[in-house]
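# Tertiary structure, described
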Amino acid sequence: MIRIQRPAVAPAGLGPGAALVAAKSALHDADPALYATHKGRFDFDEDVYGCVAVREILRTAQHRKCCFCESRVEHVGSGEIEHFRPKAAWRQAPGSKLTRPGYYWLAYEWENLLWSCKTCNGRHKKNTFPLVDPSVRDCVGRSTVAEAPLLVDPVALEPREHIRFEVERAFALSPLGQSTIDVLQLNREQLLEERRERVNAIMLAQESIEKSARLGEQPSARATTTLATATLPASPYSSMAIDLLADLAATAPADA
């Protein structure tokens, strides 16, 4: 994961969401017990939170990468709008009880929207939103003031303070990082394979450049470009690349 700079101004397409939330809030407050059940579930308008402007702005801000795993979304399947706080219902942990209502009043809030690959969002995170202290969760009162999430929000936090890499494998620097790795399965085999391919490409590029230097030759443009761009935010798995190149530099022979 890397830090995401989401534009501060919300797209105009989210405007209709305010009226939709007001209507849902009135329905909920008229019968809170009903909306704690599946029968009282809310419907949401994807044409609002998933409008073209929202999708394109998030894609651009995230360099067309998944907000969680840093895969190029188009390379691993279709992407989708991710609600950091789940809109319909929530679980404290994967497999635990699904509880309603969710954070329905944040369904159209710009600050709650990210762009994710379908695997991270639809297969692993889904409705999971753990808190350090679950007792302070107040979806009935529509308040998040007391919450301390156990998932890294890549807009609000610097992910590299919580998650780093040993070659292709993610490891945690904090309980927040560990929970994020566990919930999103950031060491799932398919993702490890994708990262290994990137590791191999970076290491081959470095070896090629070092060989050229020993022979007094110009390095290939391809190798130079691979290393020069590996850690840029637009590159896939750039956080992993930062740690990989740092490790390679630390273990390089003194006369290299």
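Residues numbered from 1 in each chain as written. Predicted model: local features only at pLDDT ≥ 70, side-chain atom pairs only at ≥ 80, totals over all residues. Heavy atoms only, no water.

## Focus: the pairing of strand β3 (residues 163–166)
Working note: regular strand, side chains alternate between the two faces of the sheet. Burial along β3 is one-sided: I163 and F165 are buried, while R164 and E166, pointing the other way, are not. In this structure, β3 lies alongside strand β4 (residues 169–172), joined through four bridges in antiparallel fashion. Bridge assignment links I163 to a residue of β4, and that residue is A172. The antiparallel hairpin formed by β3 and β4 contains two residues in its connecting segment, where V167 sits at a positive phi of about 55°. (Buried < 20%, exposed > 50% of the residue type's maximum accessible area, 1.4 Å probe, protein only. Helix = DSSP H or I, 4+ residues; strand = E, 2+ residues; numbered from the N terminus. Pairing = 2+ DSSP bridges.)

## Section: unusual backbone geometry
Peptide bonds are trans in most cases, and residues, glycine excluded, mostly fall at negative phi. Residue P101 is bonded to the preceding R100 through a cis peptide linkage, with omega at -5°. By secondary structure assignment, the location of P101 is in the loop between β1 (79–83) and β2 (113–117). With phi around 70°, E70 is a residue other than glycine that occupies positive phi space. One non-glycine residue, V167, lies in positive phi territory at about 55°. Structurally, V167 can be placed in the loop between β3 and β4. With relative accessibility at 37%, the residue V167 sits in the partly exposed group.

## A look at the nonpolar core
Taken as a class, soluble globular proteins show a tendency for nonpolar side chains to be buried jointly. Among the nonpolar cores identified, the biggest contains 55 residues, and V54 and L113 are the most heavily contacted of them. When residues of this core are traced back to their parent elements, those giving at least two are α2 (46–49), α3 (52–61), β2, β3, α6 (175–184), α7 (189–215) and α9 (238–251). Top contributing element to this core by residue count: α9, with five residues. The residues contacting V54, other than those within four sequence positions of it, are P11, L14, V48, Y49, I81, W110 and L113. (Core = buried A, V, L, I, M, F, W, Y, C linked by side-chain atoms within 4.5 Å. Contact = heavy atoms within 4.5 Å.)

## Brief notes about the pattern of salt bridges
What the rule picks out here adds up to eleven salt bridges. The residue E56 makes a salt bridge to R59 at a minimum N-O spacing of 2.2 Å. One end of the pair is E56 and the other is R59, both in helix α3 and three residues apart, which spans about a single turn. Judged by relative accessible area, E56 falls into the partly exposed class, the value being 32%. Looking at R59, the relative accessible area reads 16%, which means it is buried. Salt bridges sharing common partners tie together R160, R164 and D243. (Salt bridge = Lys/Arg side-chain N within 4 Å of Asp/Glu carboxyl O.)

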